[in-house]
Structure formats: structure tokens, C-alpha cells
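Close look at the chain arrangement
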Amino acid sequence: MDVPERGDVDHLIDPQPLPAFARVRYEPPTETVSDPAAAARAELDALSFDGVPDGGTVAVAVGSRGIHAIGDIAASVVAELAERGFDPVLVPAMGSHGGATPDGQQEVLASLDITEERTGAPIDARMDAEELATVTAGETEMPVYFSTAALSADAVVVVNRVKAHTNFSGPIESGLTKMAVVGLGKQRGAKAFHSTAIAEGYVETLRTALPVVESETPLLGGVALVENFSEEIATVEGVPTGSFLDREPELLAQANEEMPTLPVDDVDLLVVDELGKEISGAGMDTNVIGRYRVLNADDPETPAIKLIYARGLTEATKGNGNGIGLADITRRAALDQLDFQKTYANALTSGSLAKAKLPIVAPDDEFALRTAFAALGGYDSDTVRVLWIRNTEDLSEMWVSEAVRSDLPDAVTVLERGSLTFDDGTARFTGSSAPER
């Protein structure tokens, strides 16, 4: 794709003085499970395996998010099931992620350290899904689909993180219910769900579809995981089928209290080094950046961020740049990383088309920042409020402009002062022991 070179646009915006920066550490108090893998094994006791025959197949559904220790947790659940005399098989439960192909979904799992070699269980990544029934959510009819691989098993256990969703808010968001209804629906189920949810609301659609999944499949329950601010496991809980809608609101409330957030709400420019599907379903956590960009939900009131500059994609996202459209500016290096087939498969399935749009593509960091500062209007290097983060999941350390420093909460420690420089257009922070960005 042809985008302007530096020489084509350099004369359009004059350079501006840069703000002074400080590197800070943000460490709110948290609770952590010391051995989440062992806890997951123990929590399987909350599920009833009475109807599963000896040697029966148990499908362990795992998704595409970068959950802390998910490789260890998946391997531990597999090992426990095998010790109990069952035959575990891993089933990707991620809708259309991985380009909606079996190889793509296995590639996503491998990036999360979930492989046949690592876990000792085969992976059945077939994209086939069976229609269980047609339900009516609000005024819209919706077919409910379920993975053929999971449906052919004697039992199904879903393993997922409970957290705020990137498109909506309500008593049930991301978690066991969504994985059972959407993730295990594969591409066809995810598409049907999102199309209906846009019209009728996500929570209503989940509540309508879940009873069908519970009654028509061998779903035994799930292992719910809640992470803390530091992206470590704070809670592990086994939840039997029939209890998802009762327990998830309470787990979600805990997740919201622990959720990583920016240390300030009023931001002129947020710079994000990387976005990716393993970080958030939207590439960047919409609750962190304050942007949903969906048709049926207003954006969060806080934080209030005027502009976002997304610099690139993670390696683990394998080119799926869904979420790049949440930024106002990106750079050529990010464009070169994009796999449009994977990105479009995700966007077309979810119906959240805005997340796959391309923002302004700058040739490099230097011109991207020049563009952002000019777009803010009335730019002043002494008062501009800039946060520079690695990604929306890792908020424990960041760079902040001098104007932000006086507003930081007590949980923030200033590590050093620094300045922003450019090497052939690529941004670098310099200071005592300052890492490159």
C-alpha cells in the first residue's frame, strides 16, 4: 500500500519543541494467587463429572487472550483430567480469530504457549459448527451454533478470564458465558451472535443463547480466572453449568476493581507501542483508552483521551490488527505488520467495522508526534499531557509528560526524568538507565 514518504509530507507541519518526560512506576495494591495452575486443578472439583464415562473425551475450550499463565493453566487442567481417567482434547474457542482457519487458530494458541507438546493433549481446531436451535433475542431471531469438535466430546469445560468487555458494559461481559456462546460458536456462531447483539444488546443476546448451549451440549462448566492490575491471577474459581449467570456478575465486579487503568483520566495524547488480540479483543483495551466505537453503545465517560497514536502490532497477534481503527495515527512500520485477511475476518465477523479502519499513516515516530501535536491545537510543550505506554495490559510502567506528573496518584513512583529523541525518525527515551522505546 502506497503511503506518503517523509519527504512528501515533511514541509506540511513544522517541528515543535518536545515536552520533558518522566518514567514512572504505577503499583496499586493487589492480591495474587501464588500457583494458579494448581488452583485450576483443584477448582475442577466444583464441576460434576458423574455422567462422563471412564475414558470419555473432555473438550477443554481455550481462547485467544493473553491470560497470565494460561499455558500452565491449560496444561494443568489437561493433566488433572487425564489423572481422573478421561481423555482430554483442546478446542480453540475464539470465534473467528486466527483468520477463521484451523491453522490460524492453532497458531494463536501456540503464541500463548498452548500446544500439543506443551499440554500433552491433541488440539482439534476444526472450524465446523452445528446449529443447535434458533432463538429470539428481543425481536431478532438468531441461530445458536456450537463447535462440532466440542459437541462430539462427552463433556466440555471452558477456561477463560472474566473481565470487562471491549464493546459493552453490563452484569455479564467477557468470561465463561461469552466463551460458551460465542467462542465455541466458531466463525458462524460468532457472526450470528454479533449481528444480533448489535441490534438487541450483548447481554440480552448472551442470556438468550446460553440456556440452549447448556441444554443441548455436554457443557459441564468452566474455570473462571480474574486478573489483577499487574496482569497476574487474583482468583481461580470452578463454576458449574447453570451457575454462569449467577457467579459471573460477582467475578466481573472483582475484575473491574482490579482492572488496569491509566493513572490519570485527562490525556491529550496516548502513545501505545503495540496492540494485539492477545492483549484485548479490540487490540487495545477499550476500557483503558475510553473508546468502544460500536453502533449500540456510548463510549465510556473516562478516560478522556483526545488523540491516540498506535505504533505497531505484537508478534503474537500474527498480523491481526483489529483495533488499529481505534487510533487516530499510526506509522508505516505498523502498516507493514498488518495481515488484512486476518484483520478483516475478525472485523466482518464481529460487525465492529470501525476497529479495522486505517488511521492516518505517518512515515515515522517523529512525524507522527508532530502530526499529533499540531492536531491538538494551541500546542504548548509545557502543558501538553502525554502518556506513553507499552500496551493497554501492561500499565505498571510508562513515560509521562511533565504536565501530568503533578496529577499522579500516590501509587505512582517517579523513577527518572528523561527526554525524547529520534534516531532516523524512531523515538527513543534517554535518561539514567532509560530503556529504548
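As shown above, the structure is provided for reference.
Residues numbered from 1 in each chain as written. Predicted model: local features only at pLDDT ≥ 70, side-chain atom pairs only at ≥ 80, totals over all residues. Heavy atoms only, no water.

Structural notes on the nonpolar core
Counting residues in each nonpolar core, the largest one holds 45 residues, and the members touching the most others are V144, V156, V158, V181, L184, F193 and V213. Looking at this core element by element, the count peaks at seven residues for helix α9 (residues 202-216). In contact with V144, other than residues within four places in its own chain, are E130, E131, L132, A133, V135, A209, V212 and V213. Counting residues in each nonpolar core, the second largest holds 35 residues, with L90, L112, A121 and A125 among its members. (Core = buried A, V, L, I, M, F, W, Y, C linked by side-chain atoms within 4.5 Å. Buried < 20%, exposed > 50% of the residue type's maximum accessible area, 1.4 Å probe, protein only. Helix = DSSP H or I, 4+ residues; strand = E, 2+ residues; numbered from the N terminus. Contact = heavy atoms within 4.5 Å.)

So, the environment of M284
Locating M284 in the fold gives a position in the loop between β9 (266-272) and α11 (286-289). Of the residues examined, M284 reaches a relative accessible area of 0% and is grouped as buried. Distance in space between the C-alpha atoms of M284 and N322 is 9.0 Å, their sequence separation being 38 residues. Those residues within four positions of M284 in sequence are excluded, and the remaining contacts are V272, L275, I289, I308, G323, L326, A327 and T392.

Some thoughts on the packing of aromatic side chains
All chains considered together, the criterion is met by eight aromatic pairs. A ring pair is formed by W388 and F429, whose centres lie 5.1 Å apart and whose planes are at 80°; its orientation type is edge-to-face. In this pair, W388 is assigned in strand β13 (residues 386-389) and F429 in strand β16 (residues 426-431), connecting sequence segments 41 residues apart. Side by side, W388 and F429 carry an identical accessibility label, which is buried. One aromatic cluster is present, formed by F21, W388, W399 and F429 through successive ring pairs. (Phe/Tyr/Trp six-rings, centres within 6.5 Å; stacked < 30°, edge-to-face > 60°.)

Details of the pairing of strand β15 (residues 412-423)
In terms of strand pairing, strand β1 (residues 21-26) meets β15 through six bridges, oriented antiparallel. If you follow Y26 over to β15, its bridge partner there is V412. Sheet topology note: the β15/β16 ladder contains six bridges and is antiparallel. Within β16, the position partnered with L420 by the bridge is F429. The loop that links β15 with its antiparallel partner β16 comprises two residues; one of these, D424, has a positive phi angle of about 55°. (Pairing = 2+ DSSP bridges.)

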